[in-house]
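Each chain, letter by letter, is given below.
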Amino acid sequence: MSTIEKDLLGRAELEQAVRDRDREIAELKAQLAEWEESYDAIPKRDDLFTTVSGREVRPLYTELDRAESDDHTDSLGVPGSYPFTRGPYPTMYRTRLWTMRQFAGFATAEETNERYKYLLAHGQTGLSVAFDFPTLMGFDADHPRSLGEVGVCGVAISSLADMERLFEGIPLDQVSVSMTINGPAIILFCFYVAAAEKQGVDPSVLRGTVQNDILKEYQAQHAWVFPPEPALRLIVDMFEWCSENTPKYNPISISGYHIREAGSTAAEELAFTLRNGFEYVERGIARGLDVDSFAPRLSFFFDIHNDFFEEIAKLRAARRIWARGMKEKYGAKNPDSWRLRTHCQTAGVTLTAQQPENNIVRVAYQAMAAALGGTQSLHTNSMDETLSLPTEKAVRIALRSQQVLAYESGVANTIDPLAGSFYVEQLTDELERDALALFEEIDGMGGVVPGIEEGWFQQEIAASAMRQQREVESGDRVIVGVNRFTEGSGKLEIETLKIDPAIEQRQVAKMAAMREERDAAAADAALTALTEACRTQENVVPRILDCARAYCTLYEIRAAMEEVFGAYKEPVFF
Amino acid sequence: MTDERKIRMIVAKPGLDGHDRGAKVIASAFRDAGFEVIYTGLHQTPEMIVSAAIQEDVDVVAMSVLSGAHMTLFPRVKALLDEAGADHVLLTGGGIIPEEDVEALMEQGIGRLFGPGTTTTTAIEYVKEWFAAQHPA
Amino acid sequence: MTDTLPLSPRHEQLLTRFREGKPIALARAISEVEDERTGFQQLLHTVMASGPHAMRVGFTGPPGAGKSSLVASVATSYRADDEHVGVVAVDPTSPYSGGALLGDRIRMNEIATDPGIFIRSMATRGSLGGLATTTKEVVDLMDAFGFDRVLIETVGVGQTELEVTAAADTVVVVLVPESGDAIQAMKAGLMEIADIFVVNKADRPGSARLVKELRQALHLRAGSAMRDIPAHHGVDLGAALKKERTTEAPALEQGGWEIPVLTTNALTNEGVDELLETIGRHRTWLEQSGHIETRRRERAEIRIRDVVDRELRRVAWNSDVARTLLDDGVDAIAGGAGTPYSVANEILAALLR
């Protein structure tokens with residue numbers, strides 16, 4: 001056959017293929033039209049048919065919905081490659097399951113140390129530290145503002161001595177540790193590094209994460225210490241120091257969880273989190289850091305709420321948006337900089353106090369969504385957490401939920417199994433579009449910090465919270481055991497964890513003893529040097545490490561920095 | 001809208017916890033129900049709350065406590081209110097508070113406290129009924 | 001009304017504690033007045049007998065201008081000088097629910113337990129202006145309680161502008177670069193009532209331009225035929241309320257007050273010292289020029305009118321006769337007989353008999 005004949009034949013085949021395709025589509029459209037007629041003729045049950053975010057869900061999604069989307073190779077790709085929609089790694093759970101990382105902490109370091117050993121013995125693969133409110137806000141256990149709050153909803157860590165006790169007998173070169181702390185994060189991080197030093201562990205092998213995401217604090221959780229600009233400086237100091245000294249450690253966990261828990265929609269959670277992330281990237285670049293020197297270690301933390309498919313799509317969209325931004329806008333060259341890795345936690349806000357055993361089921365579904373969404377690590381809530389900190393039994397069940405999911409359900413056998421689903425791909429696209437629209441709004445205000453000062457984020461979140469509350473109170477949104485199926489919602493019959501009120505006194509006594517024993521002159525000198533460093537452009541991490549080693553307390557270190565940075569004055573918005 | 005006496009109420013978050021979704025939802029809901037709500041914001045000490053309660057001559061103080069520190073915070077505020085001559089003020093609120101603690105606090109003269117899953121309607125009805133009982137027509 | 005009825009025993013007790021300087025008594029007295037409880041006017045009459053002496057500063061301007069933060073900074077500075085400060089912060093009542101969310105205290109958390117500051121949040125409660133009559137009465141209560149300074153923060157919409165001049169000696173109008181331009185300020189009537197303009201959030205883009213526009217607009221006014229009349233009295237409060245003036249203003253001092261345009265950043269406290277100094281200068285000018293007296297006379301006149309209006313309305317609509325005629329009249333109109341005017345005539349005739 002001549003080339004021309006082949007060419008003509010090829011073109012004819014192509015034209016035939018197009019005609020076949022057109023015919024298929026026409027057939028599908030005809031079928032759909034019929035289906036729509038039957039659908040409209042049959043009565044529907046009484047339901048909103050929206051996701052909890054208020055997004056309308058259509059009864060049926062088909063191939064036709066995909067016809068308008070991005071070209072598949074461009075937006076879907078393969079796992080482990082740009083744009084990572086299908087997963088950040090090529091092998092995902094075929095190589096290693098997600099880390100089962102249950103958040104824990106209460107009372108004193110000794111009690112928490114015991115709980116950690118219990119969890120590790122039961123198969124938990126990474127540790128996650130929950131601090132008490134005084135620690136989260138930068139107050140020592142013996143500070144007057146801490147009265148009544150020491151050790152009550154997390155562990156009290158006021159100095160290096162406490163950190164050493166926390167990890168006593170737990171080899172920090174072998175166990176990865178995640179610390180959930182923000183305002184004074186840099187200080188607790190230094191306590192951790194110094195505690196590892198005491199164990200003879202070199203910082204270069206440390207694995208773990210410190211949350212250290214101050215932007216979402218101003219927006220949602222409100223656990224701040226310093227005003228935005230100095231706080232952002234401290235974060236970039238950590239990026240710098242960690243990239244040189246703790247290359248395996250994540251100096252930040254850019255979080256959507258708290259934003260979602262405060263009441264936002266899924267799209268808002270997605271957009272605010274990623275936009276905060278891009279803000280940190282810009283700050284690092286502004287410092288003169290090469291984006292690829294710190295971006296690979298930026299990690300994320302998302303909520304897993306009730307709407308199964310919306311949450312899966314949200315994680316997929318997150319990876320794609322991040323990859324595109326990092327590559328196209330910020331010019332990162334290293335694929336590790338484009339790759340979004342995330343920890344997830346099942347949504348605390350969905351737990352009910354009524355019929356708490358139902359929470360086990362909620363958490364199981366949410367965990368499945370997290371796995372299908374491709375999370376790298378997961379915390380599952382315990383059923384009794386609307387009442388108090390979890391008991392050992394409840395925490396064990398929560399951990400077992402992950403293990404059953406991982407080993408028995410089969411969802412970890414293949415990567416991103418929902419890819420190609422008409423609905424899930426549609427949702428992923430929609431969430432991406434919604435997020436980009438919100439980015440524009442934020443940019444219109446001048447960026448994240450102006451948005452925070454205006455109270456825009458806070459108001460959006462509060463408005464979404466109010467809408468959800470109304471849906472629940474009107475009964476439009478069913479919550480089992482709360483506004484429907486309430487038989488059995490009586491007085492609570494399960495045991496809850498009680499914190500011994502003597503904890504506080506014991507902690508105060510320990511601190512007094514420590515202050516006696518330490519070298520007061522060395523401590524003072526270290527604090528003074530820190531204050532001076534805050535006035536200059538110097539990276540403050542080494543100075544804080546000095547303070548930690550001298551057994552300066554959390555509050556002392558914070559106060560030394562506050563002298564220069566001032567404290568945050570909160571503007572309040574509804 | 002009637003000419004009834006307005007009920008004035010403070011909504012406060014005592015202590016160090018900054019999670020204010022519930023407090024804001026309650027404040028908005030009570031405003032929508034016709035109350036005059038003074039929202040004092042986060043990180044309030046018991047002294048700040050009581051000082052505000054006196055100056056604003058409120059009928060109700062509602063505190064949101066999620067941190068587990070309720071057994072310290074509620075009694076402290078009650079004591080300060082009583083000391084300041086404001087023992088007629090209803091001290092109520094909500095958060096993560098186990099039922100047996102609610103009962104223990106009620107025995108100390110503190111009002112009913114509401115846990116997760118409580119509707120704003122329930123809370124509003126409670127306060128309105130309490131107020132009506134204090135001010136019989 | 002006031003001389004014929006003595007204070008009730010409850011109010012006597014309240015007054016005693018009020019005069020002892022007990023904040024709880026001030027708070028209770030404010031509630032009595034705000035709710036217009038029986039005998040409240042007698043109470044006001046009694047406490048106002050000693051005349052005003054506090055320096056009253058009103059802050060008005062559009063929502064979002066950061067008035068609360070500015071008031072907090074100003075109050076804190078006065079406290080640093082050991083002065084006692086009363087603050088009245090007004091927020092709008094929701095026309096749908098009748099409730100209100102009063103959030104101005106939040107900006108003042110740092111001074112919340114300072115015994116030298118008293119902060120009271122008030123809702124407009126259906127008053128169309130930014131200040132209810134009772135708001136002005138609460139300011140008088142605070143003055144009588146003994147505060148050196150009383151700061152009034154208004155809602156900043158509607159007819160607030162006139163209202164706040166009736167409560168304050170010095171009116172500070174707070175704008176932000178996003179407020180729009182100076183033309184809008186002029187349209188809103190802010191030019192006439194401001195003694196001091198402040199552009200807050202001065203670090204925002206557009207602030208320099210707004211300052212310039214305001215200064216230009218003010219110079220235009222000053223250069224006009226109105227030169228001899230101090231800008232503060234561009235609106236003749238007396239004439240605004242009735243056609244003829246029956247009271248004579250005292251002779252005015254030469255030299256007007258030149259309205260300054262200041263810049264502040266309430267979050268960093270920049271510009272606040274200058275604002276305080278300017279407020280002080282305005283006060284001095286008011287006293288030296290005699291305008292303080294004019295202002296007080298006008299305030300008294302407005303108050304008398306307000307109270308008479310309020311009483312007339314109360315007397316009218318409390319009357320059974322009036323209410324019956326009203327109900328019957330409305331029925332009649334529905335049935336096709338009579339108009340609102342004929343019904344009103346009947347009611348008036350019955351009341352004025």
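Residues numbered from 1 in each chain as written. Chains lettered and ligands numbered in written order. Predicted model: local features only at pLDDT ≥ 70, side-chain atom pairs only at ≥ 80, totals over all residues. Heavy atoms only, no water.

## Describing the overall build of chain A
Here's step 1: Helix and strand counts for chain A come out as 23 helices and ten strands.
Here's step 2: In summary, chain A has a C-alpha radius of gyration of 26 Å against a globular reference of 25 Å for 574 residues, a match within 12%.
Here's step 3: Principal-axis analysis of the C-alpha atoms places the extent of chain A at approximately 90 × 65 × 45 Å.
Here's step 4: Put simply, chain A has 574 residues, and 58% of those count as buried.
Here's step 5: For chain A, restricting intrachain contacts to residue pairs at least 6 apart in sequence, the fraction spanning at least 24 positions comes to 79%. (Helix = DSSP H or I, 4+ residues; strand = E, 2+ residues; numbered from the N terminus. Rg over C-alpha atoms; globule rule 2.2 N^0.38 Å. Buried < 20%, exposed > 50% of the residue type's maximum accessible area, 1.4 Å probe, protein only. Contact = heavy atoms within 4.5 Å.)

## What to know about the environment of A:Glu269
Here's step 1: Relative to the assigned elements, A:Glu269 resides in helix H11 (residues 266-287).
Here's step 2: Looking at A:Glu269, the relative accessible area reads 0%, which means it is buried.

## Re the pairing of strand E7 (residues 196-199) of chain C
Residues and elements named next belong to chain C.
Here's step 1: Burial of E7 is two-sided: the residues Ile-196 and Val-198 facing one way and the residues Phe-197 and Val-199 facing the other way are all buried.
Here's step 2: Examined bridge by bridge, strand E6 (residues 170-175) and E7 share four bridges and lie parallel to one another. Across the sheet, the residue bridging to Val-173 is Phe-197, located in E7.
Here's step 3: Across three bridges, E7 lies against strand E8 (residues 261-263) in parallel orientation. By the bridge assignment, Val-198 is partnered in E8 with Leu-262. (Pairing = 2+ DSSP bridges.)

## Digging into the side chain of C:Thr124
Here's step 1: Along the chain, C:Thr124 turns up in the loop between strand E4 (117-123) and helix H5 (133-145).
Here's step 2: Of the polar contacts made by the side chain of C:Thr124, one reaches the backbone nitrogen of C:Thr93; its length is 3.0 Å. (Polar contact = N/O pair within 3.5 Å; in protein donor to acceptor, adjacent residues only side chain to side chain.)

## Overview of the sheet that holds strand E10 (residues 377-379) of chain A
All names here are of chain A.
Here's step 1: Here five strands make up an open sheet; going across it, the order is E1-E10-E9-E8-E7 and the pairing parallel. For this open sheet the edge positions go to strand E1 (99-100) and strand E7 (252-255), each flanked by a neighbour on one side alone.
Here's step 2: By the bridge criterion, five bridges tie strand E8 (residues 298-304) to strand E9 (residues 342-346) in an arrangement that is parallel. Bridge pairing links Phe-301 to His-343 in E9.
Here's step 3: Running at roughly 160° to E8, helix H13 (residues 308-329) makes contact with E8 and E9 of the sheet. (Axes fitted to C-alpha atoms, helices over the stretch in contact; angles between N-to-C directions.)

## Some details on the packing of aromatic side chains
Residue and element names in this part refer to chain A.
Here's step 1: Under the criterion given, the structure shown has 32 aromatic pairs over all chains.
Here's step 2: Here the aromatic rings of Trp-224 and Tyr-568 are separated by 4.8 Å at their centres, their planes lie at 75°, and the arrangement is edge-to-face. Remark: Tyr-568 occurs in the segment after helix H23 (554-565) and Trp-224 occurs in the loop between helix H8 (214-221) and helix H9 (228-245); sequence separation between them is 344 residues.
Here's step 3: Relative accessible area serves as the criterion here: at 5%, Trp-224 is assigned to the buried category.
Here's step 4: Overall, the relative accessible area of 15% leaves Tyr-568 in the buried class.
Here's step 5: Chaining the aromatic ring pairs together yields one cluster made of Tyr-116, Phe-167, Phe-189, Tyr-192, Trp-241 and Tyr-249.
Here's step 6: The ring of Tyr-39 carries Lys-44 above its face, with NZ or CZ at 4.3 Å from the centroid.
Here's step 7: The side chain of Lys-327 reaches across the aromatic face of Tyr-82, ending 4.5 Å from its centre. (Phe/Tyr/Trp six-rings, centres within 6.5 Å; stacked < 30°, edge-to-face > 60°. Lys NZ or Arg CZ within 6 Å of the ring centre and 35° of its normal.)

## A look at the side chain of C:Asp169
Residues and elements named next belong to chain C.
Here's step 1: With respect to the secondary-structure elements, Asp-169 resides in the loop between helix H6 (160-165) and E6.
Here's step 2: Relative accessible area serves as the criterion here: at 1%, Asp-169 is assigned to the buried category.
Here's step 3: Side chain to side chain, Asp-169 and Arg-283 meet in a polar contact 3.0 Å long.
Here's step 4: At 2.9 Å, the side chain of Asp-169 forms a polar contact with the side chain of Arg-299.

## Concerning the interface of chain C and chain B
Here's step 1: Counting residues at the interface gives 28 residues for chain C, matched by 29 residues for chain B.
Here's step 2: Across the chain C to chain B interface the summed buried area is about 2300 Å²; carbon plus sulfur atoms make up 52%.
Here's step 3: For the chain C face of the interface with chain B, the top three residues by lost area are C:Leu101, C:Arg105 and C:Arg125, together amounting to 22%.
Here's step 4: On the surface where chain C and chain B come into contact, there are four salt bridges.
Here's step 5: Elements supplying a minimum of two residues to the side of chain C that touches chain B: helix H2 (23-34), strand E3 (100-102) and E4 of chain C.
Here's step 6: Here the element with the most residues in the side of chain C that touches chain B is E4(C); it accounts for six residues.
Here's step 7: Looking at the side of chain C that touches chain B residue by residue, the classes come out as twelve nonpolar, nine polar and seven charged.
Here's step 8: Inspection of the sheet shows strand E2 (residues 36-44) of chain B paired to E3(C) by three bridges, in the parallel sense. Bridging from a neighbouring strand, B:Val37 pairs with C:Leu101 of E3(C). (Buried area = accessible area lost by both parts, 1.4 Å probe. Salt bridge = Lys/Arg side-chain N within 4 Å of Asp/Glu carboxyl O. Nonpolar A, V, L, I, M, F, W, Y, C, P; charged D, E, K, R; others polar.)

## Side note on the interface of chain B and chain A
Here's step 1: Each partner contributes to the interface: chain B provides 31 residues, whereas chain A provides 36 residues.
Here's step 2: A buried area of about 2800 Å², summed over both sides, lies between chain B and chain A, and 60% of it is on carbon and sulfur atoms.
Here's step 3: When the buried surface of chain B facing chain A is broken down by residue, B:Leu16, B:Arg21 and B:Lys24 rank first, second and third, together holding 28% of it.
Here's step 4: At the boundary of chain B with chain A, the tally comes to zero salt bridges.
Here's step 5: In this assembly, chain B and chain A are joined by eight residue pairs in polar contact (both at pLDDT 80 or more).
Here's step 6: Counting only elements with at least two residues in the side of chain B that touches chain A, the list comes to helix H1 (21-32), E2, helix H4 (99-107) and helix H5 (120-134) of chain B.
Here's step 7: Element by element, the count of residues in the side of chain B that touches chain A is highest for H1(B), at six residues.
Here's step 8: In the side of chain B that touches chain A, the residues fall into ten nonpolar, 14 polar and seven charged.

## Re the sheet that holds E3(C)
Here's step 1: If you walk across this open sheet you meet the six strands as E5(B)-E4(B)-E3(B)-E1(B)-E2(B)-E3(C), and the pairing is parallel. Two strands lie at the open edges of the sheet, namely strand E5 (113-114) of chain B together with E3 of chain C, each paired on one side alone.
Here's step 2: Note: strand E4 (residues 90-95) of chain B against E5(B), two bridges, orientation parallel. Note on E5(B): the bridge partner recorded for B:Gly93 is B:Leu113.

## Let's talk about the pairing of E4(B)
All names here are of chain B.
Here's step 1: Along E4, six of the six residues are buried, which leaves the element largely enclosed by surrounding structure.
Here's step 2: Neither face of E4 is open: one carries Leu-90, Thr-92 and Gly-94, the other Leu-91, Gly-93 and Gly-95, and all of them are buried.
Here's step 3: Handedness of the β-α-β unit built from strand E3 (residues 60-65), helix H3 (residues 70-83) and E4 comes out right-handed.
Here's step 4: Following the chain from E4 across H4 to the adjacent parallel E5, one finds a crossover that is right-handed. (Right-handed = clockwise from strand over helix to strand, strands pointing away.)

## Overview of helix H16 (residues 392-408) of chain A
Residue and element names in this part refer to chain A.
Here's step 1: When the terminal C-alpha atoms of H16 are compared, their 23 Å separation across 17 residues agrees well with the 24 Å that a helix rising 1.5 Å per residue should span.
Here's step 2: Of all the positions in H16, only Ala-394, Val-395, Ala-398, Leu-399, Ser-401, Gln-402, Gln-403, Leu-405 and Ala-406 are classed as buried.
Here's step 3: Elements that come into contact with the buried residues of H16 comprise E1, helix H4 (109-121), helix H15 (358-373) and E10.
Here's step 4: Phi turns positive, to about 85°, at Gly-410, one or two residues after H16. (Expected span 1.5 Å × (residues − 1).)

## Section: the pattern of salt bridges
Note that side chains of opposite charge can pair when their charged atoms are close.
Here's step 1: Within the structure shown, the criterion is met by 88 salt bridges over all chains.
Here's step 2: C:Arg120 serves as the salt-bridge partner of C:Glu34, at 3.6 Å between the closest nitrogen and oxygen. In this pair, C:Glu34 is assigned in helix H2 and C:Arg120 in strand E4, connecting sequence segments 86 residues apart.
Here's step 3: Ionic pairing is found between C:Arg314 and C:Glu36, a salt bridge with its closest N-O pair at 3.5 Å. On the criterion of sequence distance, the pair formed by C:Arg314 in helix H12 (residues 291-318) and C:Glu36 in the loop between H2 and helix H3 (40-48) is long-range, its members being 278 residues apart.
Here's step 4: Note on C:Arg314: relative accessible area 28%, which makes it partly exposed.
Here's step 5: Residues participating in the shared-partner salt-bridge network are B:Arg8, B:Glu36, B:Glu56, C:Arg10, C:Glu32, C:Glu34, C:Asp35, C:Arg37, C:Arg105, C:Arg120 and C:Arg125.

Functional significance is not addressed by these values, which are geometric in nature.
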